[in-house]
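Coordinates in review
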Amino acid sequence: RRVLVTKLRHHGEVLLTSPVFTTLKRAAPAVEVDALVYADTAPMLENHPAIARIHTVDRGWKAAGLRAQLSGERRLLAALKAAHYDLVVHLTDHPRGLTLARALTPRYAVTRERRAGEHEWLWRRYFTHFYKLPRATPRHTVETNLDALRRIGIEPDAADKALVLVPSPAARARADALLRQHALGARAFVHVHPGSRWLFKCWTAAQSAALLDRLAADGHAIVLTAAPDPRERALLDAILAGVAAPTRARVVDLAGQLTLAELAAITAQARLFVGVDSAPMHIAAAMQTPVVALFGPSGEVEWGPWGVI
């Protein structure tokens, strides 16, 4: 009757779980499907039509002190217990899965297989089903997430596998207003997001500046975005300092000005998204915007833009 799907990871990884909710709801329409994610990643699943409720773990609890942390954890656990979940799908390595499976006592609980050295015996005490991770041949993370459902007999349809991200009406309205302000219509610009919280994934400022010059020379307007992080802002400043004057005139700088939902609404109207392996890349794929993505240390097979050219 009630299912809890957990993904305590980063923004892009949370978005890549969205087909799991779609599949569960299609396979059992009467089931209530809830999510448990970090509070800052909840926008990746807000407004998903298959999700009834999103529970969150606030990473700020620790910084607020032990009393605040314990209070937050108690409230969360009480809310989860009150739901009486029949199934827990734990899609992360986080040890919180053990605590949840023990405290919630679901009839079924599924997670990835544990290997020697990962306290396999303890996981087997509280989980009923384990799905295997690809070893010799990598597979996309979306498919690996769906393996949790395959393990309990739920086979996703092709239509279930699309990423789902639904910007709110307010986010769409602000995105439209920003584009109108800069005289940009739908499919009339290229969205470039050159940064990442992990800067080792990124091109140098000089390389990115050369790309912007080429796009501008080909006649494209450019919307430039970045997270509200001083390091990403510094990268963008260095890129803009390196572009030619005609290029700078064609760039709309929205760095640090957008929520995640507004970013999605902006990229949904772009002709093309260009960026690195990052949450904005996955957001662009979810919005069905064509993607050019740069990959370095991470694997493009496992983490590439899903479902777009």
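Please refer to the structure higher up on the page.
Residues numbered from 1 in each chain as written. Predicted model: local features only at pLDDT ≥ 70, side-chain atom pairs only at ≥ 80, totals over all residues. Heavy atoms only, no water.

Some points on the overall build of the protein
Across its full length, the protein carries 13 helices and eleven strands. In terms of overall dimensions, the protein is globule-like: its C-alpha atoms have a radius of gyration of 21 Å, near the 19 Å expected for 309 residues. Structurally, the protein occupies a C-alpha span of about 65 × 45 × 40 Å along its principal axes. Across the 309 residues in the protein, those meeting the buried criterion constitute 50%. Counting only contacts in the protein whose residues sit at least 6 apart along the sequence, the fraction spanning at least 24 positions is 61%. Here the protein displays about 14500 Å² of accessible surface, and carbon together with sulfur accounts for 55% of that area. (Helix = DSSP H or I, 4+ residues; strand = E, 2+ residues; numbered from the N terminus. Rg over C-alpha atoms; globule rule 2.2 N^0.38 Å. Buried < 20%, exposed > 50% of the residue type's maximum accessible area, 1.4 Å probe, protein only. Contact = heavy atoms within 4.5 Å. Areas by Shrake-Rupley, 256 points an atom, 1.4 Å probe, with all protein chains shown as cover.)

Focus: the sheet that holds strand 5 (residues 108-112)
The pairing of strands in a sheet comes from backbone hydrogen bonds and takes either a parallel or an antiparallel form. Spatially, the six strands line up as an open sheet ordered 3-2-1-4-5-6, and their pairing is parallel. The outermost strands of the open sheet, each flanked by one partner alone, are strand 3 (53-57) and strand 6 (129-131). For this sheet, the mean angle separating the axes of adjacent strands, direction not counted, is 20°. Pairing of strand 1 (residues 2-6) with strand 2 (residues 32-38), which is carried by five bridges, proceeds in the parallel orientation. (Pairing = 2+ DSSP bridges. Axes fitted to C-alpha atoms, helices over the stretch in contact; angles between N-to-C directions.)

A few points about the pairing of strand 1
Counting buried positions along strand 1 yields four of five residues, so the element is predominantly enclosed. Examined bridge by bridge, strand 1 and strand 4 (residues 87-90) share four bridges and lie parallel to one another. When the sheet's bridge partners are listed, Val5 is paired in strand 4 with Val89.

Quick word on the pattern of salt bridges
For the structure on display, the rule yields 24 salt bridges. Residues Asp147 and Arg139 are paired through a salt bridge, measuring 2.4 Å at the closest nitrogen-oxygen approach. Its relative accessible area of 30% is what places Arg139 among the partly exposed residues. (Salt bridge = Lys/Arg side-chain N within 4 Å of Asp/Glu carboxyl O.)

Examining the pairing of strand 7 (residues 189-193)
Among the five residues in strand 7, five count as buried, and that is most of the element. Residue alternation in strand 7 divides its side chains into two sets, Phe189, His191 and His193 and Val190 and Val192, and both sets are buried. For the segment spanning strand 7, helix 8 (residues 205-217) and strand 8 (residues 221-224), crossover handedness is right-handed. In this sheet, strand 10 (residues 272-276) lies alongside strand 7 in parallel orientation, the contact comprising four bridges. Directly across from His191, in strand 10, lies its bridge partner Phe273. (Right-handed = clockwise from strand over helix to strand, strands pointing away.)

Examining the nonpolar core
Counting 55 residues, the largest nonpolar core has Val5, Phe21, Leu24, Val89, Phe189, Ile266 and Ile283 as its most contacted members. Looking at this core, the element that brings in the most residues is helix 12 (residues 279-286), giving five residues. Excluding its chain neighbours within four sequence positions, the residues that come into contact with Phe189 are Leu179, Leu184, Ala221, Val223, Ile266, Gln269, Ala270, Arg271 and Leu272. (Core = buried A, V, L, I, M, F, W, Y, C linked by side-chain atoms within 4.5 Å.)

Here we look at the packing of helix 2 (residues 18-27) against helix 6 (residues 141-150)
Contact geometry of helix 2 with helix 6 gives a least axis separation of 9 Å together with a crossing angle of 35°. At the point where helix 2 passes helix 6, the crossing takes the right-handed sense. Residue-level inspection shows Pro19, Val20, Thr23 and Leu24 of helix 2 in contact with helix 6, the latter providing Val142, Asn145, Leu146 and Leu149. Of the residues that constitute the contact of helix 2 with helix 6, the class distribution is six nonpolar, two polar and no charged. (Left-handed = near helix turned anticlockwise from the far one by under 90°. Nonpolar A, V, L, I, M, F, W, Y, C, P; charged D, E, K, R; others polar.)

Some details on unusual backbone geometry
In this structure, Asn47 is a non-glycine residue whose phi angle is positive, near 70°. The residue Asn47 is located in the loop between strand 2 and strand 3 in this model. You can call Asn47 partly exposed: its relative accessible area is 46%. Phi at Ala183 takes a positive value of approximately 55°, unusual for a residue other than glycine.

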